[in-house]
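Okay, here's what each chain looks like letter by letter:
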2 protein chains.
Amino acid sequence: MARRARRVRSTKVEQAPFRQVINPYEPFEVLSEEQLELIHNSSLTILEDIGIEIQDAEARGYFKRAGFDVDEQTGRVRLDRDGLLELISKAPSTFELHGRDPGKVMKGGKGHMLFAAVAGPPFAGDLDQGRRAGCYDDTVKFIKLVQKLNILHVQGGPSVEPTDLPPLTRHLDVSLACARYLDKPWKPNFIGRDRARDAVEFAKILHNKDADGLAENPVYYCNTNTNTPLILDGEIAQGVIELAKVGQVICITPFTLAGAMTPASISGALTLQNAETLAGCAFVQAIRAGCPYVYGSFTSAVDMRSGSPVFGSPEFAKGAAATGQLARRYNLPWRSSNGCTSCVPDAQAAYESQMSLWSAVTAQVSIIYQGAGWLEGGLVGSFEKLILDAEMLQMLASWMDPINVSEEEIGLDAIREVGPGGHFFGTQHTMERYENAFYRPLVSDWSNFENWRDAGAKDAAQRANEMWKRLLTEYEAPPLDPAIDEELEAFVNKRKEDYARVD
Amino acid sequence: MARRARRVRSTKVEQAPFRQVINPYEPFEVLSEEQLELIHNSSLTILEDIGIEIQDAEARGYFKRAGFDVDEQTGRVRLDRDGLLELISKAPSTFELHGRDPGKVMKGGKGHMLFAAVAGPPFAGDLDQGRRAGCYDDTVKFIKLVQKLNILHVQGGPSVEPTDLPPLTRHLDVSLACARYLDKPWKPNFIGRDRARDAVEFAKILHNKDADGLAENPVYYCNTNTNTPLILDGEIAQGVIELAKVGQVICITPFTLAGAMTPASISGALTLQNAETLAGCAFVQAIRAGCPYVYGSFTSAVDMRSGSPVFGSPEFAKGAAATGQLARRYNLPWRSSNGCTSCVPDAQAAYESQMSLWSAVTAQVSIIYQGAGWLEGGLVGSFEKLILDAEMLQMLASWMDPINVSEEEIGLDAIREVGPGGHFFGTQHTMERYENAFYRPLVSDWSNFENWRDAGAKDAAQRANEMWKRLLTEYEAPPLDPAIDEELEAFVNKRKEDYARVD
């Protein structure tokens, strides 16, 4: 099979190679055509009648010039459906993300999918130190681990927020860490015009490209949120403008938790999600027609007894599959997440993550953002969960390698040779295949009880704890031209001085 | 929504009601039509050219009378494809299983599915006592828990083997325990003619029915195995004859572990699986045309480094989806499993189980046998895993409740009322729905970190440990007519005397 590449044998942690993941199966669907159309029409009615509040004048200017009805007093923008759909049709159906390693170019959309690590939880967690406020040391460790884990294509920005660094300038430190320790693309901090422009300037230096060059080969996955219901925050809008101008991959994700920010129904949440992310898509296309846009989705529900958000639930899973259908209706790539609610990397964390992952992958997601390392509803970046998620993603990638069905592979001759009651351990057919026939796990233990017990009777979280430490000892930074490194550092220092003056 | 019934509020463990589970979505498929036909044709070639060894003369008689080529010297039976397909076409496309509670009648096939507990591991496991040889006390506890867990429709026989009871008569003790502590159907021990006849006689007394009555309303799910490659054991064949004669639901599952009992390829394993279970179906139809038959599947692979079987892997998941396609090709209901390889109820156990469950459920499985409580490749019946699996099954059942999409449910008026920037906690739309809008967990903890920590910082396995004990304290035996109870006990005692004489 062409796509199941040979794994490299070494004494290092054994894992499948870095590669493009493709889902070859038909997308799994949960909505009928009529249901899809009702959500579509209802969301267009919302944008036409109620509109969306855009909390930035420059952003409203783009809507105005695109011919939409803008109320400067209230910030309300109303989008007629024809104008909306025409703008949306300018967005491409797939996108590419380029790491600084020219071999790390991945495609999203039309069955191609990318896996991105968790982005920005305020807390870090591991079995040794427990849960604590994230610090720069955690940020760097996480980035190194994402670099090491072949199944991850995109780093989620800091993954653990470096809360020990000044808020105004920590985005610069994170960018420098990503540039030095990663050769994969990442999600920049682009909240507000200044940070967004820093991200653009930083990318120009790192990739030695001008604005057009960046637009040709996008390097950033720019994920952000609406404030559901129906608000696009001013600083977020400014950031989108800066990154869309240089053609980076933009994803505006409505924060649609049913029962809180939307009606207490999945169809209500999906309707608001559809309205808001389509408004976002129109906004991005008005800034730069043809800019890659990823339909954003995070629809879940709150626990109606506590009001807390819940991830990895049946509602989340249904919402993901329905989102795939909506995104395909507009010919857009789409994003889902690997959410879970559990506070620890236990069985609950795993089955919740699997609910999220299976529903996204079978529905042919384009990018799983928050795809590895997420714990406790996204409040914790967990080192053990990162490893467990990498295993789950690697298993799903293997599951997407189609079954090889051929006369040779079926092995009728071997079956004749063995006959009733024999076994196939020693046949030629087995000998030719045994090394790469089946999936090999990353952190799963397939030993029998006695061997497992004698090796310390460790559960999966304990083995994951050992593995992330081992990966860090194996870590080697991908080479970076010293001149570029110097220029990046000078840029960061200069910008820190600028911020100090403003402060 | 009609099928999402209201849950009963009480101080008891909160769970969704006992109900028929239906998958309303299109089945997920992993094989092309051509691939399906190649597996179909190859397996028919195997049955025609190589044949299958039937190690019982009476069983061979059925094949002979059905017109197949039988070699009495070697026990080899060769099945021509026309004769085979004609016999298979007599099997119904759905089946029913009747518990002794007349309200507990469940259907399998054509989107209807049943969930059955683990069947017969030699070891029991829980967090208190660890892993040990199963005993009758464990058997009874497991049966009581399966009775209590609404999401489970069928008991897997003993679930934990009572290894402290004499092997020759323990099936009688298990039957009596199932009759007394369950009102759901179960899987009988029917290995060998004597045990199989005991099972039939027992059912006649319990259900107050003759053979025809049992055939009209089948009460047993009779799961058994071939000895792959291409052997049907004599005692197993005898058991199948006795239960098929009285029209019980039969499932013959090939033991197709790729790389050991089949060629080292999933397509090779599926081909042998198809050959063997279709031979089993033909056998059952030759015994009693129209007898419900469930296409059996257990295809997985061995770890090619250790030779140990692996469950819950990508290969297992692909095999399950492909099996759904094969079974539908013959218009047969089919069985899959909730397998996992992990030795403990940890994250690995959960993600492996989810691989098994999602692949089976999306492929529209008819019955998930070994569906709850399975650990360590099926060697351990785990009390904590039983609870965790019940949660996963309950979540998947909820996921199969289709999204309600209507103008009322979307709540456009509520969206208008709230407008940009508000929230939906207090709207009329939310008030009308909040109690039953979303899934409620069984053992998952959705508390925030502080509440979770203050409640003891328990992981899912620890909470499951508390829950199974709580369910046992809540347990009440379903009423059983004392006269029937007496008659069952007398039957069991008489049969024990018979066996003692033979011994």
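As the structure is a computational prediction, the values presented were derived from the model and not from experiment. (Residues numbered from 1 in each chain as written. Chains lettered and ligands numbered in written order. Predicted model: local features only at pLDDT ≥ 70, side-chain atom pairs only at ≥ 80, totals over all residues. Heavy atoms only, no water.)

**Q** Just checking my understanding: could you explain the overall build of chain A for this structure?
**A** Summing up its helical and strand segments, chain A has 18 helices and 20 strands in all. Overall, chain A is about 80 × 55 × 45 Å in size when its C-alpha atoms are taken along their principal axes. Expressed as a percentage of its 503 residues, the buried residues of chain A come to 67%. The contacts in chain A between residues at least 6 apart in sequence include a share of 76% that link residues at least 24 apart. Accessible area of chain A: about 16600 Å², with a carbon and sulfur share of 47%. Each charge sign in chain A was given a centre, from 52 positive and 68 negative side chains, and these centres are 2 Å apart. (Helix = DSSP H or I, 4+ residues; strand = E, 2+ residues; numbered from the N terminus. Buried < 20%, exposed > 50% of the residue type's maximum accessible area, 1.4 Å probe, protein only. Contact = heavy atoms within 4.5 Å. Areas by Shrake-Rupley, 256 points an atom, 1.4 Å probe, with all protein chains shown as cover. Lys, Arg positive; Asp, Glu negative; His and termini not counted. Charge placed at Lys NZ, Arg CZ, Asp CG, Glu CD.)

**Q** Where do I start with the nonpolar core in this structure?
**A** Generally speaking, nonpolar side chains in soluble globular proteins are found buried as a group. Core analysis: the biggest nonpolar cluster contains 316 residues, and Phe 283 of chain A together with Phe 283 of chain B have the highest contact counts within it. Once residues within four sequence positions are removed from consideration, Phe 283 of chain B is found in contact with Ala 59, Tyr 62, Phe 63, Leu 232, Ala 237, Val 240, Ile 241 and Ile 252 of chain B. (Core = buried A, V, L, I, M, F, W, Y, C linked by side-chain atoms within 4.5 Å.)

**Q** Which parts of the structure should I look at to understand the relation of the copies chain B and chain A?
**A** Each of the two chain copies can be generated from the other by rotation about an axis followed by a shift along it. You can overlay chain B on chain A at an RMSD of 0.0 Å; the transform is a turn of 180 degrees with a shift of 0.0 Å along its axis. Both copies are brought into coincidence by an operation consistent with a two-fold rotation axis. Relative to the rotation axis, the closest C-alpha in chain B is found at Ala 347 of chain B, a distance of 2.0 Å. The share of interface residues of chain B whose copies in chain A are also at the interface is 100%, consistent with both copies meeting through the same surface. (Least-squares fit on C-alpha atoms with pLDDT ≥ 70 in both.)

**Q** Can you walk me through the interface of chain B and chain A in this structure?
**A** Contacts between the two partners involve 115 residues from chain B, matched on the other side by 115 residues from chain A. Taken together, the two surfaces of chain B and chain A that pack against each other cover about 9500 Å², and 71% of this comes from carbon and sulfur. Together, Tyr 351, Phe 438 and Trp 446 of chain B form the three largest contributors to the area buried by chain B at its contact with chain A, with a combined 9%. Counting across the chain B and chain A interface gives four salt bridges. Between Arg 416 of chain B and Asp 49 of chain A there is a salt bridge, with its nearest N and O atoms 3.2 Å apart. In this structure, the connection of chain B to chain A is made through 32 residue pairs in polar contact (both at pLDDT 80 or more). The dominant element in the side of chain B that touches chain A, judged by the number of residues it contributes, is helix 11 (residues 347-362) of chain B, at 10 residues. Residue composition of the side of chain B that touches chain A, by class: 58 nonpolar, 31 polar and 26 charged. (Buried area = accessible area lost by both parts, 1.4 Å probe. Salt bridge = Lys/Arg side-chain N within 4 Å of Asp/Glu carboxyl O. Polar contact = N/O pair within 3.5 Å; in protein donor to acceptor, adjacent residues only side chain to side chain. Nonpolar A, V, L, I, M, F, W, Y, C, P; charged D, E, K, R; others polar.)

**Q** Help me out: how do you make sense of the side chain of Glu 474 of chain A in this one?
**A** Its place among the elements puts Glu 474 of chain A in helix 17 (residues 460-474). In this structure Glu 474 of chain A touches Lys 12, Val 13 and Lys 148 of chain A, once residues within four positions along its chain are discounted.

**Q** When you look at the packing of aromatic side chains in this model, what are you seeing that I'm missing?
**A** Aromatic ring pairs are reported here in terms of the distance separating the ring centres and the angle at which the planes meet. Using the criterion set out here, one finds 44 aromatic pairs over all chains in the structure. Here the aromatic rings of Phe 63 of chain B and Phe 283 of chain B are separated by 5.3 Å at their centres, their planes lie at 10 degrees, and the arrangement is stacked. Note that Phe 63 of chain B is positioned in helix 2 (residues 57-65) and Phe 283 of chain B in helix 9 (residues 266-287), a separation of 220 residues in sequence. Comparing Phe 63 of chain B with Phe 283 of chain B, the two get one shared label, buried. Plain terms: the ring middles of Phe 311 of chain B and Trp 374 of chain B are 5.2 Å apart, the flat faces sit at 90 degrees to each other, and that makes the pair edge-to-face. In this pair, Phe 311 of chain B is assigned in the loop between strand 16 (309-310) and helix 10 (314-329) and Trp 374 of chain B in strand 19 (residues 374-375), connecting sequence segments 63 residues apart. The burial state of Phe 311 of chain B is the same as that of Trp 374 of chain B; both residues are buried. Joined through ring pairs, the aromatic side chains of Tyr 25, Phe 28, Trp 358 and Trp 399 of chain A together with Tyr 25, Phe 28, Trp 358 and Trp 399 of chain B make up one cluster. Residue placement shows Arg 131 of chain A over the ring face of Phe 449 of chain B; its charged tip is 3.9 Å from the ring centre. Its end group placed over the ring of Phe 123 of chain B, Arg 131 of chain B keeps NZ or CZ at 3.9 Å from the ring centre. (Phe/Tyr/Trp six-rings, centres within 6.5 Å; stacked < 30°, edge-to-face > 60°. Lys NZ or Arg CZ within 6 Å of the ring centre and 35° of its normal.)

**Q** Honestly, the sheet that holds strand 15 (residues 300-302) of chain A in this entry has me stumped. Any pointers?
**A** Residue and element names in this part refer to chain A. Pairing is mixed across the open sheet formed by three strands, whose spatial order is 13-15-16. Each edge of the open sheet is held by one strand with a lone partner, namely strand 13 (257-258) and strand 16 (309-310). As judged from the two bridges shared by strand 15 and strand 16, these two strands associate in the antiparallel manner. Paired with Val 302 across the bridge in strand 16 is Pro 309. (Pairing = 2+ DSSP bridges.)

**Q** What's the story with helix 10 of chain B in this structure? I'm lost.
**A** Residues separated by three or four positions in an α-helix point in the same direction, a consequence of the helix having 3.6 residues per turn. All names here are of chain B. For helix 10, built from 16 residues, the straight-helix expectation of 22 Å at 1.5 Å per residue is met to within 8% by its first-to-last C-alpha distance of 23 Å. For helix 10, the tally of buried residues reaches 14 of 16 residues, placing the bulk of the element in the interior. One or two positions beyond helix 10, positive phi appears at Asn 331, with a value near 60 degrees. (Expected span 1.5 Å × (residues − 1).)

**Q** Sorry, what's going on with helix 5 (residues 170-181) of chain B here?
**A** Residues and elements named next belong to chain B. Its 12 residues give helix 5 an end-to-end C-alpha distance of 16 Å, which sits within 8% of 16 Å, the value for a rise of 1.5 Å per residue. Most of helix 5 sits out of view: 10 of its 12 residues are buried. For helix 5, the full list of buried residues reads Arg 170, His 171, Leu 172, Asp 173, Val 174, Ser 175, Leu 176, Ala 177, Cys 178 and Ala 179. Taken together, the buried residues of helix 5 touch helix 4 (136-148), helix 6 (193-207) and helix 18 (482-502).

**Q** Could you clarify how one ought to interpret unusual backbone geometry in this entry?
**A** Negative phi characterises most residues that are not glycine, and trans characterises most peptide bonds. Residues Thr 228 of chain A and Pro 229 of chain A are joined by a peptide bond in cis, for which omega reads 0 degrees. Along the chain, the position of Pro 229 of chain A falls in the loop between strand 10 (221-225) and strand 11 (231-232). Residues other than glycine seldom take positive phi values, yet Asn 208 of chain B does so here, at roughly 50 degrees. Mapped onto the elements, Asn 208 of chain B comes out in the loop between helix 6 and helix 7 (211-216). Of the residues examined, Asn 208 of chain B reaches a relative accessible area of 66% and is grouped as exposed. The backbone phi angle of Gln 364 of chain B is positive, close to 65 degrees, even though this residue is not glycine. With respect to the element layout, Gln 364 of chain B can be found in the loop between helix 11 and strand 18 (367-369). Relative accessible area serves as the criterion here: at 14%, Gln 364 of chain B is assigned to the buried category.

**Q** What am I meant to see in the environment of Asn 227 of chain A here?
**A** Tracing the backbone through its elements, the reader meets Asn 227 of chain A in the loop between strand 10 and strand 11. For Asn 227 of chain A, a relative accessible area of 35% translates into the label partly exposed.

**Q** Even after reading the chapter, I still don't get the pairing of strand 8 (residues 123-126) of chain B, so can you show me in this structure?
**A** A regular strand places its side chains so that they alternate between the two faces of the sheet. Residue and element names in this part refer to chain B. Relative to strand 9 (residues 130-133), strand 8 runs antiparallel, the two being bridged by four bridges. Residue Asp 126 lies in a different strand from strand 9, and its bridge partner there is Gly 130. In terms of strand pairing, strand 8 meets strand 20 (residues 380-382) through three bridges, oriented parallel. By the bridge assignment, Gly 125 is partnered in strand 20 with Ser 382.

**Q** Looking at this structure, how should I read the pattern of salt bridges?
**A** It is possible for side chains bearing opposite charge to pair when their charged atoms get close. All names here are of chain B. All chains considered together, the criterion is met by 71 salt bridges over all chains. The salt bridge involving Lys 469 is made with Asp 128; its shortest N-O contact spans 2.8 Å. Here Lys 469, found in helix 17 (residues 460-474), pairs with Asp 128, found in the loop between strand 8 and strand 9; they are 341 residues apart in sequence, far enough to count as distant. A residue is classified by how much of its surface remains accessible, and Lys 469, at 32% relative accessible area, is partly exposed. Between Arg 180 and Glu 489 there is a salt bridge, with the nearest N and O atoms lying 2.4 Å from each other. In this pair, Arg 180 is assigned in helix 5 and Glu 489 in helix 18, connecting sequence segments 309 residues apart. Arg 180 gets classed as partly exposed once you look at its relative accessible area, which sits at 23%. Taking the relative accessible area as the measure of exposure, Glu 489 reaches 33% and is therefore partly exposed.

**Q** Please explain the sheet that holds strand 7 (residues 112-115) of chain B as it appears in this structure.
**A** Residue and element names in this part refer to chain B. Within the open sheet, the four strands sit side by side as 1-7-18-17. Their pairing is mixed. Only two strands of the sheet have a single partner each, and these edge strands are strand 1 (21-22) and strand 17 (335-337). Pairing geometry for strand 7 and strand 18, over two bridges, is parallel. Each bridged residue has a counterpart across the sheet, and for Leu 114 the counterpart in strand 18 is Ile 367.

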